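Geometric and topological summary
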Amino acid sequence: MRLSARVDYALRAVAELAATSADGKLVTADRLASAQQIPPKFLESILLQLRRGGIVVAQRGPEGGYRLARPAAEISLAEIIRVIDGPLANVRGQRPEELGYHGAAQSLQDVWIALRANERLILETVTIEDVVTGELPERVRDLVADPRAWV
């Protein structure tokens, strides 16, 4: 799985926002950028996407900033990835079920669909709250505990 810098920055920014605005307090884009070492102009465009995608709420003005649109426990990593980059798994920009493999390569479609299902299993289960608290689901902890996962 390959995640774009845009997705990486979005996930980090949302986690930071969840950690610093737990009481509903607004956080500036500059503060988020500084805390996560994200280029400020790049973050502004990411925050716009997240606002349009219903992940964050923005308020303008001298007391303005951003906060989560819903509790962190209700926002999955998969949702953020989809808002920023679209579908979780695609091959050459197409959904796996739309591909037409033939002959000896026909089973590749099943592999891509299984891969997407596995990605969903993790990314739809893990929430921003899980990331911020470090209390990841047991399935994720089990996978990380396997030394083969690190190579």
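Described in the following lines is the structure provided in the data block. These numbers come from a predicted model, not from an experiment.

Along its length, the protein chain carries seven helices and two strands. In terms of its C-alpha atoms, the protein chain occupies a principal-axis envelope of roughly 65 × 30 × 25 Å. In the protein chain, the proportion of contacts linking residues at least 24 apart, taken out of those at least 6 apart, comes to 57%. Only carbon and sulfur atoms are counted for the fraction: they give 52% of the accessible area of the protein chain, which is about 9300 Å². If the 19 positive side-chain charges of the protein chain are averaged to one point and the 20 negative ones to another, these points end up 6 Å apart.

Bringing the packing of helix H1 (residues 5-20) against helix H3 (residues 40-52) into the picture now. At a closest axis distance of 10 Å, the pairing of H1 and H3 adopts a crossing angle of 75°. In terms of their interaxial angle, H1 and H3 are classed as roughly perpendicular. Contacts between H1 and H3 involve Arg 6, Tyr 9, Ala 10, Ala 13 and Val 14 on the former and, on the latter, Phe 42, Leu 43, Ser 45, Ile 46, Gln 49 and Leu 50. Looking at the contact of H1 with H3 residue by residue, the class counts come to eight nonpolar, two polar and one charged.

Right, let's get into the layout of surface pockets. Each pocket or cavity is described by its volume, and for the largest pocket that value is around 260 Å³. In terms of lining residues, the largest pocket is bounded by 15 residues, among which Arg 2, Leu 88, Ala 89, Asn 90 and Glu 119 are the most central. Contributing elements (two or more residues each) for the lining of the largest pocket: helix H4 (77-85) and helix H5 (108-123). Here the lining of the largest pocket takes three residues from H5, the largest share from any one element. Of the pockets and cavities examined, the second largest pocket occupies roughly 210 Å³.

Bringing the nonpolar core into the picture now. Grouped together as the largest cluster of nonpolar side chains are 33 residues, with contacts concentrated most on Leu 43, Leu 50, Leu 68, Ile 80 and Ile 128. Contributing elements (two or more residues each) for this core: H1, helix H2 (29-36), H3, strand E2 (65-68) and H4. The element contributing the most residues to this core is H1, with eight residues.

For the rest of this paragraph, the subject is the pattern of salt bridges. For the coordinates displayed, the defined rule picks out four salt bridges. For Asp 8, the salt bridge is made with Arg 12, and the minimal N-O distance between the two is 3.1 Å. With Asp 8 and Arg 12 both in helix H1 and four residues apart, the pair spans about one turn of that helix. On the basis of relative accessible area, Asp 8 is assigned to the partly exposed category, the value being 33%.

The rules we used
Along each chain, numbering runs from 1 in the same order as the chain's sequence is written. Restriction of local features to residues with pLDDT of at least 70 applies here, the model being predicted, together with a cutoff of 80 or more for giving and counting side-chain atom pairs; totals for whole chains, interfaces and linings are based on all residues. To obtain the side-chain values, all non-hydrogen atoms of the structure were used and water was disregarded. Segments assigned H or I by DSSP are reported as helices when at least four residues long, segments assigned E as strands when at least two residues long, and all are numbered from the N terminus. Residues are treated as being in contact if the distance between any of their heavy atoms lies within 4.5 Å. Computed with a 1.4 Å probe, the accessible areas rest on the Shrake-Rupley method; for each residue, only the protein chains presented here act as cover. Just so you know, the count uses Lys and Arg for positive and Asp and Glu for negative, and it drops His and the chain ends. We put the charge of a Lys on NZ, of an Arg on CZ, of an Asp on CG and of a Glu on CD. Every axis in this analysis is a line fitted to C-alpha atoms, fitted for helices over the stretch in contact. Angles between the N-to-C directions lie between 0 and 180 degrees. These descriptions rest on fixed angle ranges, namely under 35 degrees for roughly parallel, over 145 for roughly antiparallel, 65 to 115 for roughly perpendicular, and the rest for oblique. Classes in brief: Ala, Val, Leu, Ile, Met, Phe, Trp, Tyr, Cys and Pro nonpolar; Asp, Glu, Lys and Arg charged; the others, Gly included, polar. Using a grid of 1 Å spacing that covers the protein atoms alone, one calls a set of points a cavity when a 1.4 Å probe fits there but cannot get out, and a pocket when the set is open and has protein on both sides within 12 Å along at least five of seven lines; lining residues are those with an atom within 4 Å of a point. Grid points are joined across faces, edges and corners, and a volume is the space filled by probe spheres set on the points. Working definition of a nonpolar core: buried Ala, Val, Leu, Ile, Met, Phe, Trp, Tyr and Cys residues. They are joined through side-chain atoms within 4.5 Å. The buried label applies to any residue whose accessible area, calculated with a 1.4 Å probe on protein chains only, is under 20% of its type's maximum; exposed applies above 50%, and partly exposed to all values in between. Here, a salt bridge means any Lys or Arg side-chain nitrogen found within 4 Å of an Asp or Glu carboxyl oxygen.

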